[in-house]
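Take a look at the letters that make up each chain.
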Amino acid sequence: TNWEAYSAYLKGRHILLDNKSAATIKVALEYFERAIHLDPNFALAYAGIADAYAEQADSDLDPAKAFALSKDAATRALSISPDLAEAHVSLANELLYGEWKWSEAEREYRLALQVKPTYEEAHHSYSHYLTLAGRHEQAISESLWLLQVDPLSSHMNSHLGLAFLRGDRFDEALSQFKKTMALDPN
């Protein structure tokens with residue numbers, strides 16, 4: 001492993017998760033591109049690029065172009081490392097939100113979970129898919145798993161509250177949102 005490339009990748013991931021403004025997405029992309037410059041076969045960096053472009057679809061880039069770039073990067077990552085869970089999730093997200101190919105997206109989410117059963121983002125993204133598909137009990141199950149892994153995450157606590165809400169489990173949703181607010185009043 002090229003540690004300088006890996007460091008650039010980690011910086012890009014950190015920035016991309018922290019604040020998804022147009023400016024921060026651009027900085028994250030620069031870190032991922034630096035990682036690829038240092039190691040042209042660094043599949044994780046291509047998955048990072050795929051995720052950054054997908055975020056740009058909600059920011060400052062034409063969604064069709066953003067998702068096309070995202071798919072290219074995810075496909076490149078998978079050509080380098082076919083068992084890379086992160087790239088399967090990146091591709092699944094593009095298939096779901098960019099192309100609305102639901103069955104293909106689910107296949108990619110399941111592949112990611114098969115390859116790396118403890119990958120939190122795979123469970124998180126898959127739970128969003130399940131919610132959109134109207135499979136609320138499964139989405140709640142994925143959200144509960146995430147909360148077991150990171151019980152103090154205000155994001156995951158809120159995520160479970162939303163899963164309860166969308167599953168018409170209003171009392172549980174209210175209780176979960178109160179727990180979330182107790183963890184993070186902001």
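A brief report on the enclosed structure follows. Along every chain, residues carry numbers that run from 1 in the direction the sequence is written. Predicted model: local features are reported for residues with pLDDT of at least 70 only, side-chain atom pairs are reported and counted for 80 or more only, and whole-chain, interface and lining totals are derived from all residues. Heavy atoms from the whole structure form the basis of all side-chain values; hydrogens and water molecules are not counted.

A short note on the pattern of salt bridges
Put simply, a salt bridge is a Lys or Arg side-chain nitrogen that is within 4 Å of an Asp or Glu carboxyl oxygen. The full count for this structure, using the stated rule, is 10 salt bridges. Taking the shortest distance from any N to any O, the salt bridge between R13 and D51 comes out at 2.7 Å. Taken together, the residues R13 in helix α1 (residues 3–18) and D51 in helix α3 (residues 43–56) connect sequence positions 38 residues apart. An identical accessibility class is assigned to R13 and D51; each is buried. Ionic pairing is found between E99 and K101, a salt bridge with its closest N-O pair at 3.0 Å. Here the residues in one salt-bridge network are K71, E99 and K101, joined through shared partners. Secondary structure is summarised from DSSP: a helix means a run of H or I of at least four residues, a strand means a run of E of at least two, and numbering begins at the N terminus for each. Per-residue accessibility, obtained with a 1.4 Å probe over protein chains only, is compared with the maximum for each type, and a residue is labelled buried under 20%, exposed over 50%, and partly exposed between these values.

Overview of helix α7 (residues 120–132)
A helix is expected to span 1.5 Å multiplied by its residue count minus one. Between its first and last C-alpha atoms α7 spans 19 Å; for 13 residues at 1.5 Å apiece the expected length is 18 Å, and the two agree. Taken residue by residue, α7 has A122, H123, H124, S125, Y126, S127, Y129, L130 and T131 as its buried positions. Throughout, a residue-residue contact means that at least one pair of heavy atoms, one from each residue, lies within 4.5 Å. Buried residues along α7 sit in contact with α5 (85–98), α6 (102–115), α8 (136–149) and α9 (154–166). G134 sits one or two positions beyond α7 and adopts a positive phi of about 80°.

Here we look at the nonpolar core
We define the nonpolar core as a collection of buried residues of types Ala, Val, Leu, Ile, Met, Phe, Trp, Tyr and Cys that are connected through side-chain atoms lying within 4.5 Å of one another. In terms of nonpolar packing, the biggest core is built from 43 residues, with F32, A35, F42, I49 and Y109 touching the most fellow members. Breaking this core down by element, the ones donating at least two residues are α1, α2 (22–38), α3, α4 (63–80), α5, α6 and α7. Ranked by residues supplied to this core, first place goes to α3 with 9 residues. Not counting residues up to four positions away in its chain, the partners in contact with Y109 are V89, A92, N93, L96, Y97, S125, Y126 and Y129. If you look at the next biggest cluster of nonpolar residues, it comprises 8 residues, including I140, L146, L147 and M156.

Quick look at the packing of α5 against α7
A fitted line through C-alpha atoms represents every axis, and for helices the fit uses only the stretch in contact; the resulting angles, taken between N-to-C directions, go from 0 to 180 degrees. Put simply, α5 and α7 touch, their axes get as near as 10 Å, and they point 20° apart. On the basis of the axis angle, α5 is roughly parallel to α7. Once α5 is placed against α7, the crossing between them reads as left-handed. Together, V89, N93, L96 and Y97 of α5 and E121, A122, S125, H128, Y129 and L132 of α7 make up the contact between the two elements. In the scheme used here, Gly and all other residues not listed as nonpolar or charged are polar, with Ala, Val, Leu, Ile, Met, Phe, Trp, Tyr, Cys and Pro taken as nonpolar and Asp, Glu, Lys and Arg as charged. In terms of residue class, the contact of α5 with α7 is made up of 6 nonpolar, 3 polar and 1 charged. Geometric relationships in this document are graded by angle, where less than 35 degrees denotes roughly parallel, more than 145 denotes roughly antiparallel, 65 to 115 denotes roughly perpendicular, and other angles denote oblique. Note on convention: the crossing is left-handed when the near helix lies turned anticlockwise from the far helix by less than a right angle, right-handed when the turn is clockwise.

Digging into the packing of aromatic side chains
Each aromatic ring pair is summarised here by two numbers: the centre-to-centre distance and the angle between the ring planes. Between the rings of Phe, Tyr and Trp (Trp by its six-membered ring), a pair exists once the centres lie within 6.5 Å; its type follows the angle of the planes, with under 30 degrees stacked, over 60 edge-to-face, and the other angles tilted. Per the stated rule, a full pass over the model turns up 10 aromatic pairs. Relative to F32, the ring of Y9 has its centre 5.9 Å away and its plane inclined at 45°; by these criteria the two rings are tilted. Separated by 23 residues along the polypeptide, Y9 in helix α1 and F32 in helix α2 bring together distant segments of the chain. Its relative accessible area of 6% is what places Y9 among the buried residues. Using a relative accessible area of 0% as the deciding quantity, one classes F32 as buried. Between Y109 and Y126, the ring centres sit 5.8 Å apart and the planes meet at 45°, which makes this aromatic pair tilted. Here the residue Y109 occupies a position in helix α6, and Y126 occupies one in helix α7, the gap between them amounting to 17 residues. Y109 gets classed as buried once you look at its relative accessible area, which sits at 0%.

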